[in-house]
Amino acid sequence: MKKKTIILCIFLFSFSLIYAKRTPAPEVPSIIHNGYEYIVNYSDGFFKGKGQIIIKSVTDSKIKEIISVYSVWYNPFTERDVQWVFIKQTELVDNDTMRIYNENDDIFDLNLINHKVKKIKKAE
């Protein structure tokens with residue numbers, strides 16, 4: 001009887017470790033352009049999360065600016081980790097523009113000169 005109970009407990013415990021609600025954030029490589037490194041970040045706040053781009057100087061590694069690309073307001077009745085929306089890809093469109101894609105299939109353009117963000121496509 002003890003053997004069956006122990007085996008059942010091990011099985012149930014291992015099953016709970018296998019089950020995950022959220023996959024980890026995608027690894028997005030940083031982009032180096034004109035002496036600055038553009039790093040993808042997600043800031044998790046109390047009421048909302050933000051997809052961000054951190055602009056860092058390549059020469060002295062100081063943060064120049066943190067740009068908020070989009071915000072996600074959290075529903076208080078749903079678990080927070082299933083509401084996270086990460087940036088999944090970035091690319092240079094031309095010398096002045098970086099295109100940003102998130103997990104909701106929204107597309108944003110970041111002007112690299114004045115650091116203004118423009119939403120190109122809204123998820124359907």
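Quantities reported herein were computed from a predicted structural model and do not represent experimental measurements. (Residues numbered from 1 in each chain as written. Predicted model: local features only at pLDDT ≥ 70, side-chain atom pairs only at ≥ 80, totals over all residues. Heavy atoms only, no water.)

*Asks:* Is there a simple way to think about the sheet that holds strand 8 (residues 117–121) in this case?
*Replies:* The strands that make up a sheet are held in pairs by hydrogen bonds between backbone atoms, and each pair lies either parallel or antiparallel. Here we have four strands laid out as an open sheet, ordered 5-6-7-8, and antiparallel in their pairing. Lying at the two open borders of the sheet, with one neighbouring strand each, are strand 5 (87–92) and strand 8. Each adjacent strand pair in this sheet contributes to an overall mean axis angle of 25°, direction not counted. Bridge analysis of strand 7 (residues 107–111) against strand 8 gives four bridges, and the strand direction is antiparallel. Bridging from a neighbouring strand, Leu110 pairs with Val117 of strand 8. (Pairing = 2+ DSSP bridges. Helix = DSSP H or I, 4+ residues; strand = E, 2+ residues; numbered from the N terminus. Axes fitted to C-alpha atoms, helices over the stretch in contact; angles between N-to-C directions.)

*Asks:* Explain the environment of Ile31 to me, please; I cannot follow it from the model alone.
*Replies:* Counting through the fold element by element, Ile31 comes out in strand 1 (residues 31–33). Beyond its immediate sequence surroundings of up to four residues, Ile31 is in contact with Tyr36, Glu37, Tyr38, Thr90, Glu91, Leu92 and Met98. (Contact = heavy atoms within 4.5 Å.)

*Asks:* How should the nonpolar core be read in this particular structure?
*Replies:* Looking at soluble globular proteins, one finds that nonpolar side chains tend to be buried together. One finds Tyr38, Ile53, Val69, Tyr70, Met98, Ile100 and Leu110 to be the most contacted residues of the largest nonpolar core, which totals 18 residues. If you list the elements that add at least two residues to this core, you get strand 2 (36–44), strand 3 (48–57), strand 4 (63–73), strand 6 (97–102) and strand 7. (Core = buried A, V, L, I, M, F, W, Y, C linked by side-chain atoms within 4.5 Å. Buried < 20%, exposed > 50% of the residue type's maximum accessible area, 1.4 Å probe, protein only.)

*Asks:* How do you make sense of the pattern of salt bridges when you look at a structure like this?
*Replies:* Oppositely charged side chains may form a pair once their charged atoms are brought near each other. One pass over the full model with this rule turns up two salt bridges. Its salt-bridge partner being Asp105, residue Lys88 comes within 3.0 Å of it at the nearest N-O pair. Of this pair, Lys88 sits in strand 5 while Asp105 sits in the loop between strand 6 and strand 7, and the two are 17 residues apart along the sequence. On the basis of relative accessibility, which here comes to 38%, the residue Lys88 falls in the partly exposed class. Judged by relative accessible area, Asp105 falls into the partly exposed class, the value being 40%. A salt bridge links Arg99 to Asp109, with the nearest nitrogen and oxygen atoms 2.8 Å apart. With Arg99 in strand 6 and Asp109 in strand 7, the pair connects residues that are ten residues apart, well separated along the chain. With a relative accessible area of 13%, Asp109 lands in the buried category. (Salt bridge = Lys/Arg side-chain N within 4 Å of Asp/Glu carboxyl O.)

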